[in-house]
Amino acid sequence: MSIYDTLNKEQREAVAATQGPLLLLAGAGSGKTRVLTHRVAYLIQEMGVPPWNILAITFTNKAAGEMRERVDSLVGAGSSQVWVATFHSTCLRILRRYIDRLGFDNHFTIYDTDDQKSLVRDICRRLQIDTKQMREKEFMGAISSAKDQLISPTEYQLKAMGDFRLGKIASVYLAYQEELKKNNGLDFDDLLMKTVELFKACPEVLEQYQDRFRYIMVDEYQDTNTAQFELIRLLAGERRNLCVVGDDDQSIYRFRGANIRNILDFEKIYPDARVIRLEQNYRSTGHILEAANAVIRNNAGRKEKTLWTSREKGSRVRFRQFENGYEEAEFIAEDIARLVKRGQTAYGECAVLYRTNAQSRLLEESMVTMGLPYRVVGGVNFYARKEIKDILAYLKTVDNGRDDVAVKRILNVPRRGIGDTSLDRLQSFAQARNISFFEALEEADRVPGLGRAGTKIAAFVEQIRVMRTKARIYGIKELIRDVIESIGYAEYLRDQDGDEEETQDRLNNLEELMGKAAVYSQTHEDPTLSEFLEEVALVADIDSLEGESERVLLMTLHSAKGLEFSQVYLAGMEDGLFPGYLSLPSGDSQDMEEERRLAYVGITRAKDQLTLTCARTRMMRGETQRNAVSRFVREIPGELLDSSLPGSYWEPEKEMEREAGEREPVPAYDFRPRAFLRSRATAQENKPFIAQGIGSLNRIAGISKGVGEIRLEALDYGEGDRVNHTKYGEGTVLKIDREPRDYKVTVLFDRAGQKIMYASFAKLKRVP
DNA sequence: GTGCCTGCTCACGGG
DNA sequence: GAGCAGGCAC
């Protein structure tokens, strides 16, 4: 039996269609990664293609990591020579080798969003553009989308003729590119654009890569932008052994230039392309899939396809509406705890997905309160954190002083008494002599008007020199530790944060960075600081999802693409949040369709059970907003839903009557769907709700009781005792309620206020 | 040059 | 609600 026997007919066809252009329309959960990995294996094992002739491109590091793993385990020996990478890292590797042909130094630095912003700000100041009238963001967005479409500053200028705003953008764009070049920097979009430029300018380089990458596969093709498409088209060249895999229904990156036409028009560009559709879904139960189909059906302009599954119908899609975001979050944590207790699922099988990162906080809090193991994926990019960027800026400066942005960043971190005035003087000195900022620092005694700052600058330069000496002996990890200690960074953080907990978080992040450095040093034969810094530049999140099988995952819908979970919770299903308020007024425009595709992505992540939740009111932009149930929920036919509030969840008129002020505050454990109250307890509705036992709440919420597995152990603390919680610190136990399967403990924390939690999860320690 | 206060803007997503 | 930029006092 061969490894290909487990594939269905279409999948096998796709695996064997190795020559010429192939468009693989792969619906959600139809096993596209399986096809891709088997295709790699087939090329190597059956077609005798050397592994290094194969290129598999993905969008995210996560996808690349997963693909790598699966290729490794399927192909075995030689698999490491298959080039599996993201667009950006592929370009990075190419440019590191050849960008000198475009007049850049091969040791260019990568500008992240922060660096971009400060660069744009400098330029606006220089060009005397009032950033109150045109914001930096507007420029950044315009520049980025120009690059996505491979529009050069000069072309932009031509296009902008006669338009004031566009003209401004064009001049900022031009200055921005000049500045980048001067600083030997590239931003993320440049990685793609410059690679295309390189290929067009140097046919011999292109030929070399065409010869190397004889078989190209592109995952998530629906998300490619013009630059990426051009890159692929160039690489595929005359051989055209190009296999693109995508699902137009899952195109969710229009905001960063994804051109859905790339997939819709693939057959126009490659008229002889084979098209294979994968429509059998192996992931979700019937009800979940039907719900997904019902939602996506509302989009116009898609390639028609109907996903089907041979799996059972499964349980219906649950829908719950809550009074506010707290109750929603609490329900989710509570529900997961309950399912795990009953042995119906494991933490690692559950994922909570949301539209905006801002939603993660409440969910996270409820996880902490319930004591559930969880992890937030994404959020603030690890390498974008202040403390990480500070230390990396030191390392960059130690490695070479060429990165002006990095040097400027740390010159006064920690405080050295070198302020803006000195910085400006140094800057103009450097500019006049055409030397780097760090070189200007080294010659600070020749810079006019520095005064007392001069000594401080000399001390800083000396400090860097000492670090450079140490860098020759120390490993990267030791170097990081030494940098942190010698600049007194921990003290600086304590000073800045004022909050010990925050400082500790930051220090922990730095420990993580050291861990990362250690791993790097161990896994590379000849580890260098330069290479480490280069590698780190493109990584979004420090750790992969490996070894996370024991935790509930919290992430945005965008990060969830490509993943699957037994239990999926989609939180915040409200008009105004999801779909976002920006896409609402435009009705059924492109924006709304993209939101709907995102909903489709979310729904199709679920294998066995899908739960949709929303809140009637939610804190947004500092004010409480009332939101209607998301239209995406309403697009799901009622018979697929288990809402335990029949027909009552959508009542816009009633929404209008309700004033925020007329409601009494609700106790923490009132997580019942509010609509239930309305149908059941009309007259009494506004009376404060007195917390009932969880069991009865379950019954109210329409959830049957399961058999408890948890043994009731005696607690070593009682009412009035002082206890310690890992996150909230110390507090006093106010109340302990015995529940059928656990104790419910009410604690008044000194810092965090009153919380209610389950003893078996919260692991409270008695303070002697 | 620094620290504090105020007021403003932004919460949509990633490499 | 939070983070940041700008203004102001020391």
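Everything that follows concerns the structure shown earlier in this document.
Residues numbered from 1 in each chain as written. Chains lettered and ligands numbered in written order. Predicted model: local features only at pLDDT ≥ 70, side-chain atom pairs only at ≥ 80, totals over all residues. Heavy atoms only, no water.

(A) Examining the overall build of chain A more closely. Within chain A one finds 32 helices and 23 strands. Relative to its full complement of 768 residues, chain A shows a buried share of 55%. For chain A, contacts bridging at least 24 residues in sequence account for 74% of all contacts bridging at least 6. (Helix = DSSP H or I, 4+ residues; strand = E, 2+ residues; numbered from the N terminus. Buried < 20%, exposed > 50% of the residue type's maximum accessible area, 1.4 Å probe, protein only. Contact = heavy atoms within 4.5 Å.)

(B) Region of the structure containing helix α27 (residues 590–603). For α27, spanning 14 residues, the distance from its first C-alpha to its last is 20 Å, which sits close to the expected 20 Å at 1.5 Å a residue. In terms of burial, α27 is a largely internal element, 12 of the 14 residues being buried. Among all positions in α27, only Met592, Glu593, Glu594, Glu595, Arg596, Arg597, Leu598, Ala599, Tyr600, Val601, Gly602 and Ile603 are buried. Of the surrounding secondary structure, the elements contacted by the buried residues of α27 are α14 (286–296), β12 (350–354), α26 (557–560), β15 (565–570), β16 (606–620) and α28 (631–634). (Expected span 1.5 Å × (residues − 1).)

(C) Expanded view of the environment of Glu334. Structurally, Glu334 is set in helix α15 (residues 325–341). Sequence spacing of Glu334 and Ser366 is 32 residues, and the spatial spacing of their C-alpha atoms is 8.4 Å.

(D) A look at a negative patch on the surface. On the surface, Glu525, Asp526, Glu531 and Glu535 cluster together into a patch of negative charge. Among the secondary structure elements, Glu531 is positioned in helix α25 (residues 529–536). Glu531 gets classed as partly exposed once you look at its relative accessible area, which sits at 31%. (Patch = residues over 30% accessible without salt bridge, like charges linked within 9 Å, V, L, I, M, F, W, Y side chains within 5 Å. Areas by Shrake-Rupley, 256 points an atom, 1.4 Å probe, with all protein chains shown as cover. Salt bridge = Lys/Arg side-chain N within 4 Å of Asp/Glu carboxyl O. Lys, Arg positive; Asp, Glu negative; His and termini not counted. Charge placed at Lys NZ, Arg CZ, Asp CG, Glu CD.)

(E) Structural context of the protein's contact with DNA strand C. Taken together, Arg121, Met619, Arg621 and Gly622 are the residues near DNA strand C. Arg121 has a polar side-chain atom sitting 3.1 Å from a phosphate oxygen of DNA strand C. Here the surface near DNA strand C is composed, by residue class, of 1 nonpolar, 1 polar and 2 charged. (Near = heavy atom within 4 Å. Polar contact = N/O pair within 3.5 Å; in protein donor to acceptor, adjacent residues only side chain to side chain. Nonpolar A, V, L, I, M, F, W, Y, C, P; charged D, E, K, R; others polar.)

(F) Seen up close, the nonpolar core. Formed by 71 residues in total, the largest nonpolar core has its most connected members in Leu191, Phe199, Ile216, Leu235 and Leu242. Residues contacting Phe199, with those up to four places away along its chain left out, are Ile94, Val205, Leu206, Tyr209, Leu231, Leu234 and Leu235. By size, the runner-up hydrophobic cluster in this structure holds 50 residues, among which are Val483, Tyr489, Tyr492 and Leu513. (Core = buried A, V, L, I, M, F, W, Y, C linked by side-chain atoms within 4.5 Å.)

(G) Region of the structure containing the protein's contact with DNA strand B. Taken together, 31 residues form the shell around DNA strand B, and within it Lys137, Arg355, Arg415, Thr421 and Arg621 come nearest. Sugar and phosphate atoms represent 60% of those atoms of DNA strand B found within 4 Å of the protein. The contact in question runs from a phosphate oxygen of DNA strand B to an N or O atom on the backbone of Gly419, over 3.3 Å. Ser422 is positioned such that a nitrogen or oxygen atom in its side chain is 2.7 Å from a phosphate oxygen of DNA strand B. When grouped by side-chain class, the residues that make up the surface near DNA strand B number 8 nonpolar, 16 polar and 7 charged.

(H) Highlighting the packing of aromatic side chains. On inspection of all chains with the given rule, the structure shows 14 aromatic pairs. Between Tyr221 and Phe266, the ring centres sit 5.7 Å apart and the planes meet at 80°, which makes this aromatic pair edge-to-face. Here Tyr221 is found in the loop between β6 (215–218) and α11 (226–236), whereas its partner Phe266 is found in helix α13 (residues 266–269), with 45 residues between them in sequence. Taking relative accessible area as the criterion, Phe266 reaches 0% and is therefore assigned buried. Residues Tyr520 and Phe532 carry aromatic rings whose centres are separated by 5.3 Å and whose planes lie at 50° to one another, so their mutual orientation is tilted. On the criterion of sequence distance, the pair formed by Tyr520 in helix α24 (residues 500–523) and Phe532 in helix α25 is long-range, its members being 12 residues apart. Here a set of aromatic residues connected by ring pairs shows up, and it is made of Trp83, Tyr98, Phe199, Tyr209 and Phe213. The ring of Phe437 is capped by Lys408, whose NZ or CZ atom sits 5.4 Å from the centre of that ring. (Phe/Tyr/Trp six-rings, centres within 6.5 Å; stacked < 30°, edge-to-face > 60°. Lys NZ or Arg CZ within 6 Å of the ring centre and 35° of its normal.)

(I) Local environment of the sheet that holds strand β3 (residues 83–86). Ordered in space as β3-β2-β6-β7-β1-β8, the 6 strands form an open sheet in which the pairing is parallel. Since the sheet does not close on itself, it has two edges, and those belong to β3 and β8 (274–278), each with one partner. Pairs of neighbouring strands in the sheet enclose a mean axial angle of 15°, with direction left out of account. Two strands pair when backbone bridges link them, and strand β1 (residues 22–26) and β8 are joined in this way by 5 bridges, in the parallel orientation. Paired with Ala26 across the strands is Leu278, a residue of β8. Seen against the sheet, helix α3 (residues 61–75) touches β2 (54–58) and β3 and runs at an angle of roughly 165° to β3. Helix α4 (residues 87–98) rests against β2, β3 and β6 of the sheet, and its axis sits at about 110° to β3. (Pairing = 2+ DSSP bridges. Axes fitted to C-alpha atoms, helices over the stretch in contact; angles between N-to-C directions.)

(J) Region of interest: the pairing of strand β17 (residues 623–626). Two elements, β16 and β17, share 4 bridges in a ladder whose sense is antiparallel. What sits directly across from Met619, in β17, is Thr624. Here β16 folds back onto β17, and the loop between the two strands holds 2 residues, one of which, Arg621, carries a positive phi near 50°.

(K) Highlighting the pattern of salt bridges. With the rule as written, the count across this model stands at 61 salt bridges. A salt bridge links Arg338 to Glu334; its shortest N-O distance comes to 3.6 Å. Of this pair, Arg338 and Glu334 both sit in helix α15, 4 residues apart, roughly one helical turn. Exposure class is identical for Arg338 and Glu334. Each is buried. What you see here is one network of salt bridges that share partners, running through Lys32, Asp219, Glu220, Asp223 and Lys561.

(L) Summary view of the packing of helix α7 (residues 153–160) against helix α8 (residues 164–182). Packing of α7 against α8 brings their axes to within 9 Å, and their N-to-C directions diverge by 170°. Judged on the interaxial angle alone, α8 and α7 are roughly antiparallel. Touching Pro153, Tyr156, Gln157 and Ala160 of α7 are Leu166, Gly167, Ile169, Ala170, Tyr173, Leu174 and Gln177, all from α8. Of the residues contributing to the contact of α7 with α8, the split by class is 8 nonpolar, 3 polar and no charged. (Parallel < 35°, antiparallel > 145°, perpendicular 65-115°, else oblique.)

(M) Fine view of the packing of helix α17 (residues 386–399) against helix α18 (residues 404–411). Here α17 crosses α18 at 115°, and the two axes come no closer than 8 Å. Of the two possible hands of crossing, α17 and α18 adopt the one that is left-handed. The segment α17 lies against α18, with Lys386, Lys389, Asp390, Ala393, Tyr394, Lys396 and Thr397 engaging Ala406, Val407, Arg409 and Ile410. (Left-handed = near helix turned anticlockwise from the far one by under 90°.)

(N) Up close: the side chain of Asn627. Residue position: Asn627 is located in the loop between β17 and α28. Take Asn627: its relative accessible area is 7%, and that puts it in the buried class. Within the local environment of Asn627, its side chain forms a polar contact with the side chain of Glu574, the two groups lying 3.1 Å apart. Here Asn627 is in contact with Glu574, Asp575, Ala615, Arg616, Arg618 and Met620, once residues within four sequence places are set aside.

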